[in-house]
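So you can see what is in the structure, the chains are spelled out below.
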Amino acid sequence: MEFLFEYGLFLAKSITFVLTVAALIIIVIALSSKQKSKKGEIELTDLSKQLKETQTSIEEQLLTAPQLKVRHKLEKKEQKEKDKLAKKMAKKGNETPSLAQLYVIDFKGSIDAKEVTSLREEITAILSVANENDEVFVRLESGGGMVHGYGLAASQLQRIKDKKIPLTIAVDKVAASGGYMMTCIADKIISAPFAILGSIGVIAQIPNFNKVLKKHDIEFEQLTAGDYKRTLTMFGENDDKGREKFKQELQETHDLFKHFVSEHRPSIDIEKVATGEHWYGLQAIKLNLVDSISTSDDYLISQLENRHIVQIKYAQRKKLADKLGHGVSLAIENSLLKLMQLNVSRLFR
């Protein structure tokens, strides 16, 4: 009898718990339906400040007390001179000349180049304030992917060039195929010694299950209007006519790729590098695929005194439903675990 009572109590708690969860889900859905479409915002990070603070912190730990005292005196003297200059300029009605900006963008591309959504927002933000004295610096990493995706990403970078703003791209790890299509637009390309570059070629791979279907007596029908609406298929029986047309389309894409690279890097012997091969940075510089060997970190440090360095990032804001959903899922998980532990201990004590 006691067992039945405990079981009934457990069942009642379980039903109450399920109803509570259902109510929370309904609330989340209602809030989600009222919320506007997901927006993002531009985030700025002062890399100049970060780099200088790091440098100062390390130096202060290495210097002796007398050396630190001398350093602080020099810094105060320099600041006073800057303040005096600013006051003189203000009296004359002029502004103190400011450092040109170096805008830093990070692009880490996937196969479908979905990151272009953020890239276009970042570039739009930069172009709204940048001028020809500034510079855009892109830290790019991508092994390539879909032609149309990387074509759009390259077009976004071209917007910077069209505004006559210098564009430098750094490759620390890899910029191959579509990644190099983007990279070659830059006025200056820097590469780490063993970064992978090139792979100026086109590839397509399609599995075919026609024999498997036939083996299991499964028929597949595909109806098209137009001789080349579908050249190769995954489930139908492919023929030589379709294969030849598909190869022709690949070759046309490759020719467009070669022309694109030649247009932006005229110093390249395109027939020599457009073989689909890739090269390491130390090899790529000999083929004019890059302009200098360096890491992105070294380049930023070298620009620290002459430019104000700021990183631009477009961050997607999570919907309220997403935030609540994550919180609800954690609460459900924890509550369910506790409930099970409590009732199992009662049933089997």
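Residues numbered from 1 in each chain as written. Predicted model: local features only at pLDDT ≥ 70, side-chain atom pairs only at ≥ 80, totals over all residues. Heavy atoms only, no water.

1. With respect to the layout of surface pockets
The space that makes up the largest pocket amounts to roughly 430 Å³. As for the largest pocket, its lining consists of 19 residues, and the residues nearest its centre are G145, M146, V147, S177 and G178. Contributions of two or more residues to the lining of the largest pocket are made by α5 (147-162), α6 (178-183) and α8 (240-264). Looking at side-chain class alone, the lining of the largest pocket contains eleven nonpolar, eight polar and no charged residues. (1 Å grid on protein atoms, 1.4 Å probe; cavity = no way out; pocket = protein on both sides within 12 Å on 5 of 7 lines; lining within 4 Å. Points joined across faces, edges and corners; volume = space filled by probe spheres on them. Helix = DSSP H or I, 4+ residues; strand = E, 2+ residues; numbered from the N terminus. Nonpolar A, V, L, I, M, F, W, Y, C, P; charged D, E, K, R; others polar.)

2. So, the packing of helix α4 (residues 116-127) against α5
With their axes 10 Å apart at the nearest point, α4 and α5 run at an angle of 5 degrees to one another. In terms of axis orientation, α4 runs roughly parallel to α5. Each of V116, L119, R120, I123, T124 and L127 in α4 lies in contact with α5, whose residues at this interface are L152, A153, Q156, L157, R159 and I160. Residue composition of the contact of α4 with α5, grouped by class: eight nonpolar, two polar and two charged. (Axes fitted to C-alpha atoms, helices over the stretch in contact; angles between N-to-C directions. Parallel < 35°, antiparallel > 145°, perpendicular 65-115°, else oblique. Contact = heavy atoms within 4.5 Å.)

3. Things to note about the pattern of salt bridges
The tally for this structure, following the rule as stated, stands at eight salt bridges. The salt bridge partner of E271 is K258, with a shortest N-O separation of 3.3 Å. Of this pair, E271 sits in helix α9 (residues 270-273) while K258 is found in helix α8, placing the two residues 13 residues apart along the sequence. The class of E271 is exposed, set by a relative accessible area of 53%. K258 sits in the buried class, given a relative accessible area of 15%. For D291, the salt bridge identified is with R265, shortest N-O distance 3.0 Å. Of this pair, D291 sits in the loop between α10 (281-284) and β8 (292-293) while R265 sits in the loop between α8 and α9, placing them 26 residues apart in sequence. Owing to a relative accessible area of 38%, D291 belongs among the partly exposed residues under this scheme. Judged by relative accessible area, which is 6%, R265 ranks as buried. (Salt bridge = Lys/Arg side-chain N within 4 Å of Asp/Glu carboxyl O. Buried < 20%, exposed > 50% of the residue type's maximum accessible area, 1.4 Å probe, protein only.)

4. As for the confidence of the model for the protein chain
Per-chain confidence: the protein chain averages 85 in pLDDT, with 79% of residues scoring 70 or above. Here residues 344-349 is modelled with pLDDT under 50, and outside its nearest four sequence neighbours on either side it reaches eight contacts, counting other chains as well. (pLDDT = per-residue confidence, 0-100.)

5. Quick notes on a nonpolar patch on the surface
A contiguous nonpolar patch, built from I206, F209, V212, F220, M234 and F235 and spanning about 480 Å² of accessible area, is present on the exposed surface. Within the secondary structure layout, F235 lies in the loop between α7 (210-215) and α8. (Patch = residues over 30% accessible without salt bridge, like charges linked within 9 Å, V, L, I, M, F, W, Y side chains within 5 Å. Areas by Shrake-Rupley, 256 points an atom, 1.4 Å probe, with all protein chains shown as cover.)

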